[in-house]
Structure formats: C-alpha cells, structure tokens
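Chain and residue survey
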Amino acid sequence: EAQVTQNPRYLITVTGKKLTVTCSQNMNHEYMSWYRQDPGLGLRQIYYSMNVEVTDKGDVPEGYKVSRKEKRNFPLILESPSPNQTSLYFCASSLRASGRGNEQFFGPGTRLTVL
Amino acid sequence: GQQVMQIPQYQHVQEGEDFTTYCNSSTTLSNIQWYKQRPGGHPVFLIQLVKSGEVKKQKRLTFQFGEAKKNSSLHITATQTTDVGTYFCAVNYGGSQGNLIFGKGTKLSVKP
C-alpha cells in the first residue's frame, strides 16, 4: 500500500532532550516536507527536500534539523526541544515539487508534547 | 513572508445548505491546491488548479481559479455530514517551488 509513515505517533518529552521523528514513504517520491500544525495557525512548513541530499528551509525552521540521505526517508530532528515546539507534526511527500504530480500525500501525524 | 488569506475561519451550516471557502493572494499564483482534513486526521489532497479562470468539479464540490490567478474558491452544494472537516488551500510563490504555503483553513461543521 502506497503510504507515508511517521514514528512515533505520540511523544511526550522534556526540554532539552534530543529527539528524532522518522518519516518514510514507499512511493519513490522526489519531494518530501515537514509541517507543524497549531490551532489558529494552520499548517506551516518547517523544511522540505527536493531530492536526495537537497534540503531547504520552509517558513519556521528554527530549532529543527533534517537530512535526506535516502530517497524514502526524511527524519526531523529536534536537537534541544523547547515547550514552544509542542505541536502536531506532519510529514508529506509528492512525486515532484511542482507541475503534474505535485499533490502531497501526508503521513498520519506525530503529536509532540515538550514539558 | 508571503501569506494566503483564507476566509471564513469557521462555517456552521445546516445539512443541505451550501458552503463556500475563499483563498486570496496579493500576488499572482502559478497554481493552487486544495486539501481536506477530517477531525483527527491528516490533510488529503482534493484538487489542483493551474489555468486562469479554471473551474473543476468533483461531485458536489466546485473549485474555481480566478481570472487574475490571485484567488480561488471551493463551493460545496447541499452539504452532508461527511463534509465535516477543515478545508485548506495551498500555494507556491514563484521563487522556491518547494516552499508550499497553506491558508489557515476553514473549519466546516454540519448540523444534521
């Protein structure tokens, strides 16, 4: 089944404890992206990747890191989480970034709480 | 940064009534996408509009792209309880094709 998977789905952690949220897609998509969703603010893009080893900042990259060493995986790293990073995180992928095939497929989401 | 304005933020309708959400941009868009997110779920792609004045239909949903490619609308005819959710538009602004900006969404509730 074609899908985007994220792990973990739920995470409660403490300030400063490094964490990684994994994202994987099995559709051979070139483009992958991370978003955070907060009430009243909608979806905001954190980082995106146009292809392997190519990443770029979205609108809210501060406090986050990403890597794209393989086409299927795009982990989101929080080196020193803070309470303002408590949010619902979505990973998404699409065949390409623009033009035909750029509709995004979203993962199920990761609800992160930083105490 | 760039923003796309989406209105209204909330819409409560009686089942059978129509519903419309609008997205507006101050600059010309190359294309616009629409997504639906059910309560507790993830966004799901509905459609992409590319051409000026384009109109596309999916059953009771009608999507329009303005002539100047600065605005778009999603209209649902005769809403059903299954239409409940938040509807988002999403756009690229020129320079960086990968930088997708979402509107804040319109949350639709339908009273049976």
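Going by the structure above, here's the rest.
Residues numbered from 1 in each chain as written. Chains lettered and ligands numbered in written order. Predicted model: local features only at pLDDT ≥ 70, side-chain atom pairs only at ≥ 80, totals over all residues. Heavy atoms only, no water.

With that settled, the discussion passes to the overall build of chain A. If you tally the helices and strands in chain A, you get zero helices and 11 strands. Against the globule reference of 13 Å for 115 residues, chain A gives a C-alpha radius of gyration of 13 Å, in line with a compact fold. Considered along the principal axes of its C-alpha atoms, chain A spans approximately 40 × 30 × 30 Å. The buried share of chain A, reckoned over its 115 residues, is 49%. The positive charge centre, built from 14 side chains, and the negative charge centre, built from 10, are 4 Å apart in chain A. (Helix = DSSP H or I, 4+ residues; strand = E, 2+ residues; numbered from the N terminus. Rg over C-alpha atoms; globule rule 2.2 N^0.38 Å. Buried < 20%, exposed > 50% of the residue type's maximum accessible area, 1.4 Å probe, protein only. Lys, Arg positive; Asp, Glu negative; His and termini not counted. Charge placed at Lys NZ, Arg CZ, Asp CG, Glu CD.)

The subject of this paragraph is the environment of Met 27 of chain A. Residues and elements named next belong to chain A. Along the chain, Met 27 turns up in the loop between β3 (19-25) and β4 (31-38). Taking relative accessible area as the criterion, Met 27 reaches 17% and is therefore assigned buried. Sequence separation between Met 27 and Ser 93 is 66 residues; the distance between their C-alpha atoms is 8.6 Å. Apart from the residues lying within four places of it in its own chain, the contact partners of Met 27 are Ala 2, Gln 3, Val 4, Ser 93 and Phe 105. (Contact = heavy atoms within 4.5 Å.)

It is worth spelling out the sheet that holds strand β6 (residues 55-58) of chain B at this point. All names here are of chain B. Read across the open sheet, the five strands follow the order β1-β3-β8-β7-β6; overall the sheet is antiparallel. Looking at strand neighbours, the two that pair on one side only are β1 (5-7) and β6, the edges of this open sheet. Recorded for the sheet is a direction-independent mean angle of 15 degrees between the axes of neighbouring strands. The sheet contact formed by strand β3 (residues 19-24) and strand β8 (residues 71-76) spans six bridges and is antiparallel. Paired with Thr 21 across the bridge in β8 is Leu 74. (Pairing = 2+ DSSP bridges. Axes fitted to C-alpha atoms, helices over the stretch in contact; angles between N-to-C directions.)

Below, the discussion takes up the pairing of strand β11 (residues 106-111) of chain B. A regular strand places its side chains so that they alternate between the two faces of the sheet. Residues and elements named next belong to chain B. Only one face of β11 is buried, namely the one carrying Thr 106, Leu 108 and Val 110, since none of Lys 107, Ser 109 and Lys 111 on the opposite face is buried. Inspection of the sheet shows strand β2 (residues 10-14) paired to β11 by five bridges, in the parallel sense. What sits directly across from Gln 11, in β11, is Leu 108. With three bridges connecting them, strand β9 (residues 85-92) and β11 associate as antiparallel partners. In the sheet register, Tyr 87 faces β11, and the bridge partner there is Thr 106.

Another aspect to go through is the side chain of Gln 37 of chain B. Mapped onto the elements, Gln 37 of chain B comes out in strand β4 (residues 32-37). Residue Gln 37 of chain B is classed as buried on the basis of its relative accessible area of 7%. Within the local environment of Gln 37 of chain B, its side chain forms a polar contact with the backbone oxygen of Gly 41 of chain B, the two atoms lying 2.8 Å apart. Dropping the residues within four chain positions of it, Gln 37 of chain B is found in contact with Gln 37 and Phe 90 of chain A together with His 42, Pro 43, Gly 85, Thr 86 and Phe 88 of chain B. (Polar contact = N/O pair within 3.5 Å; in protein donor to acceptor, adjacent residues only side chain to side chain.)

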